[in-house]
Amino acid sequence: MADDGIIEYLNDPAGAIRQMQMRLLELVGQNEMGVETILEDVVSMPVERRFAFINWLGNSNDPRAANLLVPLLENQTGKVVMAVIEALELLGPIAINQTIPALNHVIATTSNRQLKQQARTTLGRLTMQSMLGSEDAALLEARQQQYPAYQARVSSIDGSGTQLIMLSWLRPDGLIKGVNVLYQDQKGIKDCYGVDEMDTEQWESLIGDLDEQGFSSFKVSFEYACAVILEARALNRRTRTRLPIAYSIWRPLTEAGVRDKKAVASLPATTLPCVELTAEARAMADRADELYQLKEFSSWLYEPIERIEPFISRYWAALNMVESTTNKRKKARMQEQRDLLTSLASESLHELIDDKWRTTYAARLLRQAALLQQADQHEYVPMIQATATLLDPASQVPVQDQTFPIALISISIEQGPLRLMVESLRSGSLSSFPVEFFQQD
């Protein structure tokens, strides 16, 4: 009991609670990992307890409390965000270098007029109290720049439009601090996970582990990786998909140096443009089945799997009948198999591929091309651009006359049983590979 602090609590409940609170803030002050640990619990609290916790932070008179309050401005309900703004005002000038940039961010990004007005009012009062005399993020920006960039890596886009972005910085002690962002191109940022106090060998081991899980990555510029993250975050806003709490914690690092429109405009392009459909471009697109020989396209099968499942079942049921016909020569059976697959693929093209699907996959192709170009893998970039141009509905070229969708459908049907087995292991995840790295029990 003494080890658990129970005796201490019974003798002095108020003192024990204060000690616990101080330990909590000490954990917050150590690094982003401590903030992540605490906020994961906070966001799962009942609303009443969350309000009480936020109020305690506001009255703590400790600048470290802002490390917990600021991330809650981005992914909570309006009432909770209002309570957070009030708590930040209670903290006053002691946390002004975090509060002012955070409130400016709320004003710039929220569509809630009431929240925007409250943030403006609080910002005005805090500015008057502070010695800064202006509403900028200079102090916060200077604090974040103490970590020099170490490495940026971006995985290839898989068949479901999922991509992993890895950013890392070098700490003063020579160890690595990093953040990993999972981006799905129909939702935005799906997950976020920070790492800290890693040596270079551990970092390389992490990259190897992710590669085994299907997220082979390329070393790219920090600017390109940041551009992909900003694109993902903008998609969260458009689709009204809530950001993971962990991303709100790491955002000051991931977006450091790209806080104004001029800086954002100077970032590299995350997608390449379509090309003119010349005879040469058409010839390259006609060889698009070669893309499936690249590991960057090994997971590119038809999504969603539920729609193509009836064609997979029909193919394998018919194939079993063909295989059971022992009086046919092997060559004849193989030809019958090819004819069966061609027939089902042709039929499924009409049913499964519409303009929305074409637009989605054309965009994925152009983003994949941009990544390969950034990674100095230029050989297949023109072919990918030509394929995307043909696939785009604007080309008005029927999918029946395109190599890429025919090959994709055929491979998806032929690899059906394996594909369905993988799908059952996913338990509903959008990712083409189970990413144990992001699973937290």
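Residue positions within a chain follow its written sequence, with the count starting from 1. Where totals are concerned, whole chains, interfaces and linings use all residues; where local detail is concerned, this predicted model gives features only for residues with pLDDT of at least 70, and gives and counts side-chain atom pairs only at 80 or more. Side-chain metrics rest on all non-hydrogen atoms present in the structure, leaving aside hydrogens and water.

Here, the term nonpolar core denotes a set of buried Ala, Val, Leu, Ile, Met, Phe, Trp, Tyr and Cys residues that are joined through side-chain atoms within 4.5 Å. Only protein chains enter the accessibility calculation, which uses a 1.4 Å probe; a residue whose area is less than 20% of its type maximum is buried, one above 50% is exposed, and one in between is partly exposed. Grouped together as the largest cluster of nonpolar side chains are 108 residues, with contacts concentrated most on L167, L291, I308, F404 and I409. Every residue pair with non-hydrogen atoms within 4.5 Å of one another is taken to be in contact. Setting aside its immediate chain neighbours within four residues, I409 contacts Y302, I308, A345, S348, L349, L352 and I353. One finds L164, I176, M198 and W203 within the second-largest nonpolar core, a separate group that totals 11 residues.

When DSSP finds at least two bridges between two strands, those strands are taken to pair. Helix numbers and strand numbers start at the N terminus; a helix is a DSSP run of H or I with at least 4 residues, a strand a run of E with at least 2. Spatial strand order, β4-β3-β2-β1-β5: 5 strands in an open sheet with antiparallel pairing. Every interior strand has two partners, whereas the edge strands, β4 (188–198) and β5 (217–220), have only one. Neighbour-to-neighbour, the strand axes of the sheet open up by a mean angle of 20°, direction not taken into account. On the sheet, helix α11 (residues 222–239) packs against β1 (149–155), β2 (162–170), β3 (176–184), β4 and β5 and is oriented at approximately 130° with respect to β2. Axis lines are fitted through C-alpha atoms, for helices just across the contact stretch, and the angle between N-to-C directions can take any value from 0 to 180 degrees.

Their axes nearest at 12 Å, the elements α11 and helix α12 (residues 245–254) cross at an angle of 140°. Between α11 and α12, the angle is such that the two are oblique. α12 is crossed by α11, and the crossing has left-handed handedness. From α11, C226, I229 and R233 reach across to α12, where they touch Y247, R251 and T254. Any angle from 65 to 115 degrees is called roughly perpendicular, while one under 35 is roughly parallel, one over 145 is roughly antiparallel, and all others are oblique. Take the far helix as your reference; a near helix turned counterclockwise from it by less than a right angle gives a left-handed crossing, and one turned clockwise gives a right-handed crossing.

Confidence of the predictor in every single residue is expressed as pLDDT, which spans 0 to 100. In this model, the chain carries an average pLDDT of 81, and 81% of its residues clear a pLDDT of 70 or more. Under a pLDDT of 50 for its full length, residues 9–13 has, in the predicted model, 2 contacts with residues more than four places off or in other chains. Here residues 426–441 is modelled with pLDDT under 50, and outside its nearest four sequence neighbours on either side it reaches 40 contacts, counting other chains as well.

If the charged atoms of two oppositely charged side chains come close together, the side chains can form a pair. Basic side-chain nitrogens of Lys or Arg form a salt bridge, by our definition, when they fall within 4 Å of a carboxyl oxygen of Asp or Glu. If you walk through the whole model with that rule in mind, you get 14 salt bridges. A salt bridge links K177 to E32, with the nearest nitrogen and oxygen atoms 2.6 Å apart. Residue K177 is located in strand β3, and its partner E32 is located in helix α3 (residues 32–42); the two are separated by 145 residues in the primary sequence. Just as K177 is buried, E32 falls in that class too. R367 is the partner of E231 in a salt bridge, and the nearest nitrogen-oxygen pair spans 3.4 Å. A residue pair is termed long-range when its members are at least 10 positions apart, and E231 in helix α11 and R367 in helix α17 (residues 355–374) qualify at 136 residues. Since its relative accessible area comes to 22%, E231 is described here as partly exposed. You can call R367 buried: its relative accessible area is 8%.

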